[in-house]
Amino acid sequence: MLNYLINGISLGSVYAIIALGYTMVYGIAKMLNFAHGDVIMVGGYISFCATSYLGLPVIPSVLLSIFVCTVLGIVIERLAYKPLRAATSLAVLITAIGVSYFLQNAALLIWSSNPKAYPNMVALPPLAIGNTQISAVSLVTIIACIVIMVALTLFTNKTKMGKAMRAVSEDKDAAQLMGINVNATISLTFAIGSGLAAVAGVLLCSAYPTLMPTTGAMPGIKAFTAAVFGGIGSIPGAMLGGILLGIIEIFGKAYISTQLSDAIVFSVLILILLVKPTGLLGRKISEKV
Amino acid sequence: MSMLKVSDINVYYGNIHAIKGISFEVNEGEIVTLIGANGAGKSTTLNTVAGLLKPATGNIEFEGQSLLNVPAHKIVSRGMALCPEGRRIFLQLTVQENLEMGAYTRPSAETADLIADVYDRFPRLKERYRQVAGTLSGGEQQMLAMGRALMSKPRLMMLDEPSMGLAPILVEKIFEIIGELNKAGTTILLVEQNAQMALSIAHRSYVLETGRITVSGTGEELLHNDAVRKAYLGG
C-alpha cells in the first residue's frame, strides 16, 4: 500500500515536471506544445549517449542533456512557432504535432527503432523505512520535483524576470509598453520548459529503462492531461495534477486492472473537467470594468 | 521646439484604413488632446506612436529621432509612456508588482524611490499595495495604470481615455492629477471622449474624424468653435 503510494507519487512527480513545461508555455505563448513530450525522449537519448558512448559520468551527462534540450526548445520555438505568432491557434497546434513527428522520426533515423537499455542514472541503494523499500530513483525524482517546484515558484514570484513572465502571460501589448521584450520572454519560457523536459527524460528512463523514439509520446500526453487536470497555466496546478495522476495510475494498475489503467486515468480527468472545467486550481479572474 | 512630431501617417488594420494621413505635433511642456467620436482613430494614433502598431507610411519623431524602426518594447526607454485604453493593468499581479513592471527599464536601485513617489501621489494604492490588481475598483485601477506609466519617468505621457467609466468626481480627480503632472514638467498627450474636460485643460487640441484631423487649435478656440460644440459638446 505505502509502496504503491510512493511509486505513484514518484511517477506523478515525473508527470508534474513535464506538465510544468506544458503549463508554462501555455501560460506565456497561449499554445499547446505537443512536441514537448518528444523533447523528453531527446533528453533521454542525449544522456544515454553521453554515458554509454562518451563514457561521461552521471552529472555531466545530465547537464549536457539539459543543455541540448534547452537549445532545442529555443530553436523549435524560433523556427516553428515564432513565424506563426499571429496565426490561428489551430495552425500552431498542427505545427506542434508536426514538430512532434519530426522529432520522433529524426530519433528513428539517428538511433533506430531498437529499444536502448537505459542505464540507471541514480545507482544508489534503496532507502528502507520499516519493511517498505523506497528505490533511490523514486526518492530522487520526488526530491527533484519539489526542488523544481519551489525554484519555479520563487522565480515567477520574486524575480524581475519572473514577474515580467507573468505580465506577458496576461497581456502582451501592455507588457511591451512596460519595455518587456515579449519574444525574449517566450524564448526563455521554452528554454526552461525544455530544460525541465530533459530532467524528466533522465528520471523517467531511469525508472522505466526502455528508450525508444516514441518513449516521450505517452508521458507527454499524460503530463498534458495532468496540466489540464490541475488547471492549465497554473504552476501549482501542474504539480498537483501530475502527482494525482501518478497516484491514480499506479493504484488503478494495482487494484483494478493493468490494461485499463490509462482508461481510468483519462476517465477521472473527464469527470473532474465536467465538474470543474478550469481544472483543480485553474481559476477565472473576474474583471472589474 | 516640438517634442513629438507625427507626419502624415497612414495606419491599416488589415484592409481597414484606420488613420488617413494625419500630422500633429506636441511641444515640450504642453497638454495636447485628441478628441473625436468612437472609432475616429484616437486610440489607433496613440498605439501607433507607442509602437504597438506600425504606420504603413509617414514618420514619427520623438525628440528629433525617428521611431519607425524602434520595436515597441524599446519605446518606453526613449522617455515616453502610454497609459492605454481600458487601463490594461496586470490583473493577476499585485499593485506593487504592477508598479515594478512600470519600472522594468529603469535600474533596480531606483525602483523603491519611484514607487514611493507614486504612493505619495496616490495614497490609495499604498493602502492596497499587496492586493491583486483585479480586486481594485475602477478608479483605483485607473490610478494604478497612471502610476505604472509614471514609473518609467516619462518626459511625454500619453493617456488614452483616462476618464472612461469613472464617476464624475473621480474624473475631476484624474484631470486634476494630469494638470499637476504637467505643472511638474511632464508633457501630456491626451485622448478623450469627454471633450469638455479635455479642452478645458488642453493647451492645444486636434479633432479627429474617421481617421483625419479636421479641426485644430487651442483648447479655448475649440471650446468656442461652433462645429466642435455641435458635434462634441452637446450644443
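Cut-offs applied
- Residues numbered from 1 in each chain as written.
- Chains lettered and ligands numbered in written order.
- Predicted model: local features only at pLDDT ≥ 70, side-chain atom pairs only at ≥ 80, totals over all residues.
- Heavy atoms only, no water.
- Pairing = 2+ DSSP bridges.
- Helix = DSSP H or I, 4+ residues; strand = E, 2+ residues; numbered from the N terminus.
- pLDDT = per-residue confidence, 0-100.
- Contact = heavy atoms within 4.5 Å.
- Phe/Tyr/Trp six-rings, centres within 6.5 Å; stacked < 30°, edge-to-face > 60°.
- Buried < 20%, exposed > 50% of the residue type's maximum accessible area, 1.4 Å probe, protein only.
- Axes fitted to C-alpha atoms, helices over the stretch in contact; angles between N-to-C directions.
- Parallel < 35°, antiparallel > 145°, perpendicular 65-115°, else oblique.
- Left-handed = near helix turned anticlockwise from the far one by under 90°.
- Nonpolar A, V, L, I, M, F, W, Y, C, P; charged D, E, K, R; others polar.
- Buried area = accessible area lost by both parts, 1.4 Å probe.
- Salt bridge = Lys/Arg side-chain N within 4 Å of Asp/Glu carboxyl O.

## Remarks on the pairing of strand 10 (residues 212-218) of chain B
Every regular strand shows the same layout, with side chains that alternate between the two sheet faces.
All names here are of chain B.
Then comes step 1: As judged from the 6 bridges shared by strand 9 (residues 204-209) and strand 10, these two strands associate in the antiparallel manner. Within the sheet, the bridge partner assigned to Arg204 lies in strand 10 and is Thr218.
Then comes step 2: Between the antiparallel neighbours strand 9 and strand 10 lie 2 residues, among them Thr210 with a positive phi of about 35°.

## Describing the confidence of the model for chain A
Then comes step 1: Of the residues in chain A, 98% have a pLDDT of 70 or more, and the chain-wide mean is 91.
Then comes step 2: Ignoring residues within four places in sequence, the model shows residues 285-289 of chain A, a span with pLDDT below 50, making 10 contacts including any to other chains.

## Re the packing of aromatic side chains
Residue and element names in this part refer to chain A.
Then comes step 1: Taken as a whole and assessed by the stated rule, the structure comprises 10 aromatic pairs over all chains.
Then comes step 2: Ring plane angle 5° and centroid distance 4.2 Å describe the contact between Tyr45 and Trp111, whose orientation is recorded as stacked. One end of the pair, Tyr45, is in helix 2 (residues 36-52); the other, Trp111, is in helix 4 (residues 89-111), with 66 residues separating them in the sequence.
Then comes step 3: For Tyr45, a relative accessible area of 0% corresponds to the buried category.

## Points about the packing of helix 3 (residues 58-81) of chain A against helix 4 of chain A
Residues and elements named next belong to chain A.
Then comes step 1: Relative orientation of the contacting elements helix 3 and helix 4 amounts to 130°, with a least axis distance of 11 Å. Considering their axes alone, helix 3 and helix 4 lie oblique with respect to each other. Note on packing geometry: the crossing formed by helix 3 with helix 4 is right-handed. Note on element contacts: helix 4 touches helix 3 through Val92, Thr95, Ala96, Val99 and Leu103, opposite Leu72, Ile76, Ala80 and Tyr81.
Then comes step 2: When the residues that make up the contact of helix 3 with helix 4 are grouped by side-chain class, the tally is 8 nonpolar, 1 polar and no charged.

## Details of the interface of chain A and chain B
Then comes step 1: Listed by partner, the interface residues are 23 residues for chain A and 29 residues for chain B.
Then comes step 2: Regarding the contact of chain A and chain B, the summed buried area is about 2400 Å², with carbon and sulfur atoms giving 58% of it.
Then comes step 3: Connecting chain A to chain B are 4 salt bridges.
Then comes step 4: Across the salt bridge formed by Arg166(A) and Glu97(B), the nearest N and O atoms sit 2.9 Å from each other.
Then comes step 5: Mapped onto the side of chain A that touches chain B, the elements with two or more residues apiece are helix 6 (160-170) and helix 7 (172-177) of chain A.
Then comes step 6: The greatest single-element share of the side of chain A that touches chain B, amounting to 6 residues, is contributed by helix 6 of chain A.
Then comes step 7: Of the residues belonging to the side of chain A that touches chain B, the class tally is 9 nonpolar, 5 polar and 9 charged.

## Side note on helix 3 (residues 95-102) of chain B
Then comes step 1: Most of helix 3 of chain B sits inside the fold, with 6 of its 8 residues counted as buried.
Then comes step 2: All buried positions along helix 3 of chain B are accounted for by Val95(B), Glu97(B), Asn98(B), Leu99(B), Met101(B) and Gly102(B).
Then comes step 3: Packing partners of the buried residues in helix 3 of chain B comprise helix 5 (136-158) and helix 6 of chain A together with helix 4 (108-121), helix 5 (123-127) and helix 6 (138-150) of chain B.

## Concerning helix 6 of chain A
Then comes step 1: Within helix 6 of chain A, burial applies to Gly162(A), Lys163(A), Ala164(A), Met165(A), Arg166(A), Ala167(A) and Val168(A).
Then comes step 2: Along its buried surface, helix 6 of chain A packs onto helix 1 (2-29), helix 5, helix 7 and helix 8 (182-207) of chain A together with helix 3 of chain B.

## Side note on the sheet that holds strand 8 (residues 187-192) of chain B
All names here are of chain B.
Then comes step 1: As summarised here, the arrangement of the 6 strands in space is 6-7-8-3-9-10, forming an open sheet in which the pairing is mixed. In the strand order of this sheet, the two ends are held by strand 6 (80-83) and strand 10, each with one partner. Across the sheet, the mean angle from the axis of one strand to that of its neighbour is 15°, orientation sign disregarded.
Then comes step 2: Two strands pair when backbone bridges link them, and strand 3 (residues 31-35) and strand 9 are joined in this way by 4 bridges, in the parallel orientation. Its bridge partner being in strand 9, Val32 is matched across the sheet by Arg204.

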